[in-house]
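What follows is the residue order along each chain.
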Amino acid sequence: MPSLRPVPWLSPLLYGVVLVAGGYASIIGLGGTHLVPFAGGLAVLAVLDHVERRRYPVRTPPGSAVALLTARLALYALVAAADGSGMSRVLFLLLPFTAYFAFGRAAAIAIGVVCVGFVVVAFELTVPDWPRQVEQVSDLLMFIVGLVLTIAMAAVAVQEQRGRVRLEESHAKLREYAARVSELSATAERNRLARDIHDGLGHHLTAIAVLLEKAAAFSERDPGVARRALDDAQQSARRALEDVRQSVRTLRAETERFRLSSALADLTREAGDGRLNVTLDCTGDETGHDSAALLAIYRAAQEGLTNARRHAHATTVAVNVHCDPSRARLVVADDGRGFAPEREGFGLLGMRERVELAGGSVEVDTGPGTGTRLTVTIPRRTAS
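This report concerns the structure included in the present document. Here the structure is a predicted model, which is why all the values come from computation and not from measurement. (Residues numbered from 1 in each chain as written. Predicted model: local features only at pLDDT ≥ 70, side-chain atom pairs only at ≥ 80, totals over all residues. Heavy atoms only, no water.)

1. A short note on the pairing of strand β4 (residues 361-366)
Taken residue by residue, a regular strand's side chains alternate between the two faces of the sheet.
(1) Moving on: Examined bridge by bridge, β4 and strand β5 (residues 372-379) share 6 bridges and lie antiparallel to one another. Counterpart to T366 in the pairing with β5 is T372.
(2) Moving on: Counted between consecutive antiparallel strands, the loop separating β4 from β5 contains 5 residues, among which G369 sits at a positive phi close to 80°. (Pairing = 2+ DSSP bridges. Helix = DSSP H or I, 4+ residues; strand = E, 2+ residues; numbered from the N terminus.)

Structure, rendered in structure tokens:
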């Protein structure tokens, strides 16, 4: 946090000016400066300032500030009384200046008025008939002008320091927000990768497992069917590898535009392994739709087919996709055993997250023994 303290160079500057003026007055015999209390008082003031800055680097507490102001007032009076040049009166300007930082504008003005009164009393005691003396009147007016300028300077300095405090706080909040955004982005990317692994690689591994089971079952009864199952398993393995490569290209922003119709044709052709009859009806124009929406539709179809094969034990699955100027809509309907709606697994959860990120919605109509109907609808957005 930036320091809300008086300008650090002002006090030493005034101490130096007063010391030079008082020393010069002593050398030439002007006014009779008493060097020991004069120089000693300035030295104590310098030490007092140093100790305060070390003890309170940010801001002096109110109680300590009052005690220090009182001590400085006594020291200023001592130095002024020992100074033959009269220059030491300028030190009293530091009282309202310092008070502005500790207590605010009202306190600074009040102390400034007290300082003017102190100077007037000093003139009354030391200079008879001073109101008729041009020199004393001029000194008083200059002191008042100095007070006004000092308080104005303190106001500007306080505003500048408070502005730096607010700016630093804003920077801290921005850094905190940036860290939160980075953390949320990393979480979103991890979730996306988890969905990709489940929807893509998981689908292909499921297909491979089913095909290998089929090949093992028909290896003796029908070697031709077993050989085709092994070929299909090899093709699924190649597709799994291509999915992994596609994900890597996506991360590197090197992927080509996704084509939903051709991807679905390959998907349904692969899924129809003889025990599962898969039909595809893909209509409409997908070219005006966002790539993320089309990929979400494809992943939803993957998940629907995987669930139909792995969990529902369906024999028939119908995949229908229609893209029109307002939306893209997918329906995957199977004749499997269905499931209780509250038993949705990670796959459906990941599908909902993916579709919601694309601005769409998911509906699942199912129940034990009634099959499953999955509907995904994504409104059209600008193609990317």
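Following the structure, the description resumes.
2. Quick look at helix α8 (residues 260-271)
(1) Moving on: Helix length check: α8, at 12 residues, gives a terminal C-alpha distance of 16 Å against a target of 16 Å (1.5 Å per residue), a fit within 8%.
(2) Moving on: Every buried residue of α8 is accounted for by L260, A263, L264, L267, T268, E270 and A271. Angular distribution of buried residues about the axis of α8 spans 160°; they occupy a single face of the element. (Expected span 1.5 Å × (residues − 1). Buried < 20%, exposed > 50% of the residue type's maximum accessible area, 1.4 Å probe, protein only. Arc of directions from axis to C-beta.)

3. Concerning the side chain of Q136
(1) Moving on: Mapped onto the fold, Q136 is located in helix α6 (residues 134-218).
(2) Moving on: Residue classification places Q136 among the buried residues on the basis of a relative accessible area of 12%.
(3) Moving on: Once you skip the residues sitting within four places of it in the chain, Q136 turns out to touch F123, V127 and W130. (Contact = heavy atoms within 4.5 Å.)

4. Some details on the pattern of salt bridges
(1) Moving on: Scanning the entire structure with this criterion turns up 6 salt bridges.
(2) Moving on: Linking D139 and R89 is a salt bridge whose minimum nitrogen-to-oxygen distance equals 3.0 Å. Here R89 lies in the loop between α3 (62-82) and α4 (94-103) and D139 lies in helix α6, a separation of 50 residues in the sequence.
(3) Moving on: Among the ionic pairs, R132 bridges to D129, the shortest N-O distance being 3.5 Å.
(4) Moving on: Accessibility expressed as a relative area gives 68% for R132, which makes it exposed.
(5) Moving on: Several salt bridges converge on common partners, so that one network encompasses D49, E52 and R72. (Salt bridge = Lys/Arg side-chain N within 4 Å of Asp/Glu carboxyl O.)

5. What about the environment of R239?
(1) Moving on: With respect to the helices and strands, R239 occurs in helix α7 (residues 223-251).
(2) Moving on: Sequence separation between R239 and D266 is 27 residues, and the spatial gap between their C-alpha atoms is 9.7 Å.
(3) Moving on: Beyond its immediate chain neighbours, meaning those up to four positions away, R239 contacts H204, D266, R269 and E270.

6. Side note on the sheet that holds strand β1 (residues 277-284)
(1) Moving on: The mixed open sheet is built from 5 strands, whose spatial order is β1-β2-β3-β5-β4. This sheet does not close on itself; its edge strands, each paired only once, are β1 and β4. Ignoring strand direction, the axes of neighbouring strands in this sheet form an average angle of 10°. (Axes fitted to C-alpha atoms, helices over the stretch in contact; angles between N-to-C directions.)

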